[in-house]
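Close look at the chain arrangement
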Amino acid sequence: HEMGSHTMSFSARSYASNDEFGFPENVTLSLARGHFTVLDEDGDDLAAWPMGHVHDWKLEGKHDVTLHVPEGTLEFGVEEGEALLTKLAVLHAALA
């Protein structure tokens, strides 16, 4: 399970609950540069939060990820949801 251990980007599906943020269905979640960033298919930033502003993340089932940011709760379908949250936790702790 170590193959993706160095990746900082995860392909994701944005759920309808994120509509207020205006995300398209297919997005990339990035953990680079100390931020949690949502990118579109062209790699353009749609939204970004400093890692310290992201809290109470969890995996629902196998692939559904929820994360709390100051503006509300984000929900995504992520194939590698567990890897994303593990890396998020490590980076969050390192930057705290």
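See above for the structure.
Residues numbered from 1 in each chain as written. Predicted model: local features only at pLDDT ≥ 70, side-chain atom pairs only at ≥ 80, totals over all residues. Heavy atoms only, no water.

**As for the nonpolar core**
Here is a general trend for soluble globular proteins: nonpolar side chains tend to be buried in one another's company. Among the nonpolar cores identified, the biggest contains 21 residues, and Leu29, Phe36, Trp49 and Phe76 are the most heavily contacted of them. Elements that contribute at least two residues to this core include exactly strand 1 (9–14), strand 2 (26–30), strand 3 (35–39), strand 4 (45–50), strand 6 (64–69), strand 7 (72–78) and helix 1 (81–95). (Core = buried A, V, L, I, M, F, W, Y, C linked by side-chain atoms within 4.5 Å. Buried < 20%, exposed > 50% of the residue type's maximum accessible area, 1.4 Å probe, protein only. Helix = DSSP H or I, 4+ residues; strand = E, 2+ residues; numbered from the N terminus.)

**Considerations on the packing of aromatic side chains**
The description of an aromatic ring pair uses the distance of the two centres, along with the angle that the planes make with each other. Under the definition given, this model contains four aromatic pairs. Here Phe21 and Trp49 contribute two aromatic rings whose centre-to-centre distance is 6.1 Å and whose plane-to-plane angle is 80°, an arrangement assigned as edge-to-face. Remark: Trp49 occurs in strand 4 and Phe21 occurs in the loop between strand 1 and strand 2; sequence separation between them is 28 residues. A relative accessible area of 21% places Phe21 in the partly exposed class. Assessed through its relative accessible area of 5%, Trp49 is described here as buried. (Phe/Tyr/Trp six-rings, centres within 6.5 Å; stacked < 30°, edge-to-face > 60°.)

**Structural notes on the side chain of Ser30**
Along the polypeptide, Ser30 turns up in strand 2. A polar contact of 3.2 Å, which involves the side chain of Ser30, links it to the backbone nitrogen of Ala32. (Polar contact = N/O pair within 3.5 Å; in protein donor to acceptor, adjacent residues only side chain to side chain.)

**Overview of the pairing of strand 1**
Strand residues, when the strand is regular, have side chains that alternate between the two faces of the sheet. Side chains of strand 1 alternate between two faces, with Phe10, Ala12 and Ser14 buried and Ser9, Ser11 and Arg13 left unburied. Bridging between strand 1 and strand 7 involves three bridges; their strand directions are antiparallel. Bridged to Arg13 within strand 7 is Gly77. (Pairing = 2+ DSSP bridges.)

**Quick word on the pattern of salt bridges**
If the charged atoms of two oppositely charged side chains come close together, the side chains can form a pair. Counted under the stated rule, the structure contains one salt bridge. As a salt-bridge pair, Glu60 and Lys58 come within 3.9 Å of each other at their nearest N and O atoms. Taking the relative accessible area as the measure of exposure, Glu60 reaches 35% and is therefore partly exposed. (Salt bridge = Lys/Arg side-chain N within 4 Å of Asp/Glu carboxyl O.)

**A few points about the side chain of Ser14**
Looking at where Ser14 falls in the secondary structure, it is placed in strand 1. Looking at Ser14, its side chain comes within polar contact range of the side chain of Asn18, at 3.0 Å. Dropping the residues within four chain positions of it, Ser14 is found in contact with Phe23, Pro24, Glu25, Val27, Glu75 and Phe76. (Contact = heavy atoms within 4.5 Å.)

So, to be careful, I would describe these as geometric facts and stop short of saying anything about function.
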